[in-house]
Each structure stands twice: as C-alpha cells, then as structure tokens.
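Residues per chain are reported as follows:
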Amino acid sequence: MNAAYLSTTTTTAGPELGSAMPAATSAQATGARATSPAATAVPDKPAARIAVVGCGWWAQGWHLPHLHRHPDAEVVALVEPSATIRSTLNPDVEQLEQLATRYSARPFASLDALLAAGLKVDGVVIAASHNAHYELGRKALAAGWHVFMEKPMTCSAAEAAGLLQQVEATDGKQCFMVNNTANWRENTASAKAWVAAGRIGKVRHVSCAMGSPLTWLFEDAANVGWVRPSGPMLGNGMAWGQLSHSLAWVYYVTGLVPQSVYADMSHSEATGADLYDAAIVRCTNGALISVQGVATISGDKPTSETDARPTGKYIENRIFGTEGSIEYNGIDCEPESGALRLRRHDYNGEVNTGFAFEDGDQGGIGPASLQAFVRRCRGDATRNGCDALIGYRTAATIDAMYRSFQEGQRLAVPTAQEALGHSSNAENGGAKRPRRG
Ligand SMILES: NC(=O)c1ccc[n+]([C@@H]2O[C@H](COP(=O)([O-])OP(=O)(O)OC[C@H]3O[C@@H](n4cnc5c(N)ncnc54)[C@H](O)[C@@H]3O)[C@@H](O)[C@H]2O)c1
C-alpha cells in the first residue's frame, strides 16, 4: 500500500462510521506486512487464500489493507461488478484493475466468473452492498468456502434463514462469521461467560442503546446503500446500518431468542432513513429487550488522518438477571470511558476496566474477527463471536422492527424454520405463536 493510497483512505469517514480511526503508522503506510507477535506467521501452513467480494469504501479502507498486511493471508481474487467504483464516503476510491495490481490479485466482474475460473480459494470476505449479501453468501457456501460476511448478515429473516440452513448443512466444515466486531472483544467474552456461569441468575431484562454520530451519513441522499431500501428491505437507516451491532452483542452474550417485536421509528425528512428507533423485543423465555437507536449524536465526519475524532459511538448495554446485572457502557473510541461491571445482589461483583466495542481500527492486520477468520481458513479452531445463528436472530429482529413499524403493531419474529416456510419452530421450543406477537 503506498502513501497515496493511505491518504485517500484516511481522509474519509471512520470505522463502522463513527468510532476511533487513529492515524496509520509508517509500517502501515508502506504496506509492510505486520511484525507484531500477534501477526507472526505460523510456519508450515500455507497462507489462507482469500477472495474479497465487493470492493467499495469499506473493503478498500479496511479489509484489503488488513489482509494485505496479514502474514498468514493472501488476497487471491477481487470481485467487483461495478465498472466505475464510486463512494460518497471516499471520492478517491480505486478501480478494480488498480486494486488488482496493488494487491497482486486476480480481478473478476462477478462471483460467477470467479467460480468458473476454478481458482483455489479457502475463504471469502463479502463486503458488498447489504442487499447482495444473501446471493453471494449462498454461492460461496455452495462452493465449499468459509464465509466472512459483512453486517447486516442479510436484509430479511427469510434470507438469513436460508444461509443458516446452508451453514448447518456443512456440519461444522465451513465457518460463517458476521463481522459484528464487538462480539470478538475480550470483555464481550467475559460478559458471556458470566451469564453462562449463572452469575446474574436468569436473564429477565436487557436495555441496549446505541447512539451514532452519523447525521452526515443518514441525512445525505447520495448514500444510497445506507438510506434507501432495496431488495427485501422495508426500510433502511439506523436499524440495518447500526443496530445489528448492539443486537448481535446482546444475543451472543445472553443467548436470548427473540419471539416478538414492537417497534416505532422516526425518519430523516431529507432521505427517509430511520434516524431514531425504539423497540421492545419479547424473548422466548419471557425476557424483554428494550432497544434504542439514535443516529444523530454529536460528532462529525472526520476530515483528515490527524482528526482527533472527539466523539465516538455511545453504547449502553445493561443485562438484568434474577441474581444481579451486567453493565457495559461507554464511548467506543474512548477506552477509559467505561468498564464491564458485574453487580450481584450479594455484592460479590467484578469489574473489568476499559471499554471497547466495535473495532474499526484501520491499521494493523484487522479486527479480532478477521484474524479469527484467517486462522479458520488455515484449518485452526477459533472462537466465532457472530455465527449464522446469532446473525439470523439479529437480522430477523431488525426485519421484524421495520415490519412492525409499517404495520403499527407487535409482530412475531419467525423462527428460522418459519422464515424458511417450514412448519416446525424448534428454535422457540415448539410453542405455537400467532403471527401477531
Ligand atoms: N462491520 C463494519 O464495521 C462495517 C463498516 C462499514 C461497512 N460495513 C458493511 O460493508 C458493506 C459494504 O459497505 P460499503 O460502505 O463499502 O459500500 P459500498 O457501496 O461503498 O461498496 C459496496 C460494493 O459492493 C459492490 N457490489 C454490489 N453488488 C455486488 C455483487 N453482487 N458482487 C460483488 N460486489 C457487489 C458495489 O458495486 C460496491 O462497489 C455493507 O454491507 C456495510 O454494512 C460494515
């Protein structure tokens, strides 16, 4: 990666749109492969052969440079159908041929063309527009590849259920990860372990709120992929674009299964994107999740690589159980702004200092999610912070939120079987539910 490339990617908006984006180091600027202990190549195993599908803003600023610097990964193919890649978030994005030269990878105009070429691929990173995720995921899984899917996993419950079914049919041979990076954080693993060990008893209630400084994104009609619904989407904005992070975190940490949703939303007059979302999710065990999304907290699009990024996303997750509660609150680019706290009714609590939610660092070899994917592509076991089941519950909840808003009533969140049109509903214990929650 040359310096010119660095300057084009770092003058744009931040990682998952609103969290910390530190200036790159000189090693990053030269595109040198990382030499930190975490990045040391594992000898005697070939590098993971990765195809990157969808080469727009996010792939160019994050996945491609991360994988290029990763000593155990090789970008073997790039797939991008657009003859002219454009991004309102980075006017200097490069075109497919330039990217192919930069990363020494073969360019393809479609996933079908890559499949027809018979290239050896271990895993695919899908960073295409939301509404292309399902078809691309379906084909990649059918090809026998591991899949690293950008969020949201898909744009409807039915699509997510289709991918979940395909993943389950591989019987663990293929991994499917959704890039909700917060789910790979150490404190997330601790919170999950506390819940699993019964430290807060039975989970009865969750409050999760996310505030993002994204007025510049959701109030600009040119950002079509973020503000305009397409494919099966009933709406677009804060819920598809951001709340997948909070919901995937809650479902991963708690193991709760959504059963019904009542949601209300209010929208940008300029774009129609939902900017403010409020939802109540009833879960199969009776627990409630109160969800809030606000897209307009203070903070603007960063304008240069030296931008101090004074504000990040505001995250507030609280899980209440019969014997205590867990809190994980803070601002996601300010580690000192929060901590993970276990409060127990018997006062035998714990505190893990530091707050880290999404990982949008542009430097290094990528977030823990991508690093785990590379390891899995090389045949090593890894923790999957957001598998297809968590992805399904998240996508099905958001889909139901948009439907609930549109219909003005509480609606059932289908089980994966129901979403596929099958009669069994094993995921919620077989309880029959009316379609209206
Ligand atoms: N995890 C995160 O923190 C994070 C952050 C930003 C974006 N994202 C996700 O990454 C994805 C891409 O976002 P973006 O802002 O880069 O969008 P973008 O529009 O800049 O890029 C998407 C690219 O996908 C291409 N594409 C569309 N259909 C395709 C297909 N069938 N095959 C191959 N390529 C196809 C488009 O031509 C475009 O170049 C979105 O789903 C977004 O939600 C995730």
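Note that the structure is predicted; figures quoted are calculated from it, not measured. (Residues numbered from 1 in each chain as written. Predicted model: local features only at pLDDT ≥ 70, side-chain atom pairs only at ≥ 80, totals over all residues.)

## Let's talk about the overall build of the chain
- For the chain, the helix and strand inventory stands at 14 helices and 15 strands.
- Within the chain, buried positions represent 53% of all 437 residues. (Helix = DSSP H or I, 4+ residues; strand = E, 2+ residues; numbered from the N terminus. Buried ≥ 20, exposed ≤ 12 C-beta atoms within 10 Å, placed from the backbone.)

## Overview of helix α6 (residues 133-142)
- Among the residues of α6, His133, Tyr134, Leu136, Gly137, Ala140 and Leu141 are the ones counted as buried. All buried residues of α6 fall inside an arc of 165° around its axis, so they share one side.
- Where the residues of α6 are buried, they touch β1 (48-53), α5 (111-117), β4 (123-126), β5 (146-149) and α7 (157-169).
- Backbone geometry just downstream of α6 places glycine 144 in the positive-phi region, at approximately 90°. (Arc of directions from axis to C-beta. Contact = placed C-beta atoms within 7 Å.)

## Section: the pairing of β4
- The side-chain alternation of β4 yields two buried faces, one formed by Gly123 and Val125 and the other by Val124 and Ile126.
- Across four bridges, β1 lies against β4 in parallel orientation. Each bridged residue has a counterpart across the sheet, and for valine 53 the counterpart in β4 is isoleucine 126.
- Alignment of β4 against β5, held across four bridges, turns out to be parallel. Among the inter-strand pairings, glycine 123 is bridged to a residue of β5, identified as histidine 146.
- Considered for its hand, the β-α-β crossover made up of β4, α6 and β5 is right-handed. (Pairing = 2+ DSSP bridges. Right-handed = clockwise from strand over helix to strand, strands pointing away.)

## Some words on unusual backbone geometry
- In this structure, proline 152 follows lysine 151 across a cis peptide bond, with omega equal to -10°.
- Within the chain, tyrosine 347 stands out as a residue other than glycine whose phi angle is a positive 65°.
- Among the structural elements, tyrosine 347 can be located in the loop between β13 (334-344) and β14 (350-353).

## Here we look at the sheet that holds strand β15 (residues 411-412)
- Ordered by their spatial adjacency, nine strands build an open sheet running β14-β13-β12-β11-β7-β10-β9-β8-β15, and the pairing between neighbours is mixed. Only two strands of the sheet have a single partner each, and these edge strands are β14 and β15.
- Alignment of strand β7 (residues 203-211) against strand β11 (residues 314-321), held across eight bridges, turns out to be antiparallel. Within β11, the residue paired with alanine 209 across the bridge is glutamate 316.
- With respect to the sheet, helix α11 (residues 238-254) is in contact with β7, β9 (274-283), β10 (288-294) and β11, its orientation differing from that of β7 by roughly 150°. (Axes fitted to C-alpha atoms, helices over the stretch in contact; angles between N-to-C directions.)

## Some points on the sheet that holds β5
- Pairing in this open sheet of six strands is parallel, and the strands run β3-β2-β1-β4-β5-β6 from one edge to the other. The open sheet has two free edges, formed respectively by β3 (106-108) and β6 (176-178), since each of these has just one partner strand. Across the sheet, the axes of successive neighbouring strands diverge by a mean angle of 20°, strand direction being ignored.

## What to know about the nonpolar core
- In terms of nonpolar packing, the biggest core is built from 128 residues, with Ile50, Ala51, Val52, Val53, Leu78, Val124 and Ile126 touching the most fellow members.
- When residues in this core are grouped by element, the largest group, 11 residues, is from α11.
- Looking at which domains feed residues into this core, each of domain 1 (3-182 + 366-388) and domain 2 (183-358 + 390-428) gives three or more.
- The contact partners of isoleucine 50, leaving out residues within four places of it in the chain, are Leu67, Ala73, Glu74, Val75, Val76, Asp122, Gly123, Val124, Val125 and Cys377. (Core = buried A, V, L, I, M, F, W, Y, C linked by C-beta atoms within 7 Å. Domains from an automatic or database assignment.)

## Overview of helix α8 (residues 186-196)
- All of the buried residues in α8 are Asn187, Thr188, Ala191, Trp194 and Val195. With its buried residues spanning 125° around the axis, α8 presents them on a single face. The outward face of α8, more than 90 degrees from its buried face, is lined by the exposed residues Glu186, Ala193 and Ala196.
- Structurally, α8 contributes buried residues whose contacts are with β7, α11, β11, β12 (324-331), β13 and β14.
- Glycine 198 lies just past α8 and shows a positive phi near 75°.

## Concerning the packing of α8 against α11
- For the pair α8 and α11, interaxial distance at closest approach is 8 Å and the crossing angle is 40°. Considered as vectors, α8 and α11 are oriented oblique to each other. Between α8 and α11, the contacting residues are Thr188, Ala191, Lys192 and Val195 on the first element and Trp249, Tyr252, Val253 and Thr254 on the second. (Parallel < 35°, antiparallel > 145°, perpendicular 65-115°, else oblique.)

## Comments concerning the packing of α6 against α7
- Viewed as axis vectors pointing N to C, α6 and α7 meet at an angle of 10°, and their least axial separation amounts to 10 Å. By the criterion of interaxial angle, the relationship of α6 to α7 is roughly parallel. Across the interface between the two elements, Tyr134, Gly137, Arg138 and Leu141 from α6 touch Glu159, Gly162, Leu163, Gln166 and Val167 from α7.

## Describing the pairing of strand β8 (residues 258-267)
- Bridge count for β8 against β9 is nine bridges, and the pairing is antiparallel. Within the sheet, the bridge partner assigned to valine 261 lies in β9 and is valine 281.
- Remark: six residues form the turn of the hairpin made by β8 and β9, two consecutive strands paired antiparallel; glycine 272 in that turn has positive phi of roughly 85°.
- Direction of pairing for β8 relative to β15: antiparallel, over a ladder of two bridges. Opposite valine 261, over in β15, you have leucine 411 as the bridge partner.

## Details of the confidence of the model for the chain
- Confidence in the prediction of the chain, expressed as mean pLDDT, is 87, and 84% of residues score 70 or more.
- Across residues 1-39 the pLDDT falls below 50, and counting only partners more than four positions away or on other chains, this stretch makes 88 contacts in the model.
- Here residues 423-437 is a poorly scored stretch, pLDDT under 50, and it has 31 contacts once near neighbours within four places are set aside; other chains count. (pLDDT = per-residue confidence, 0-100.)

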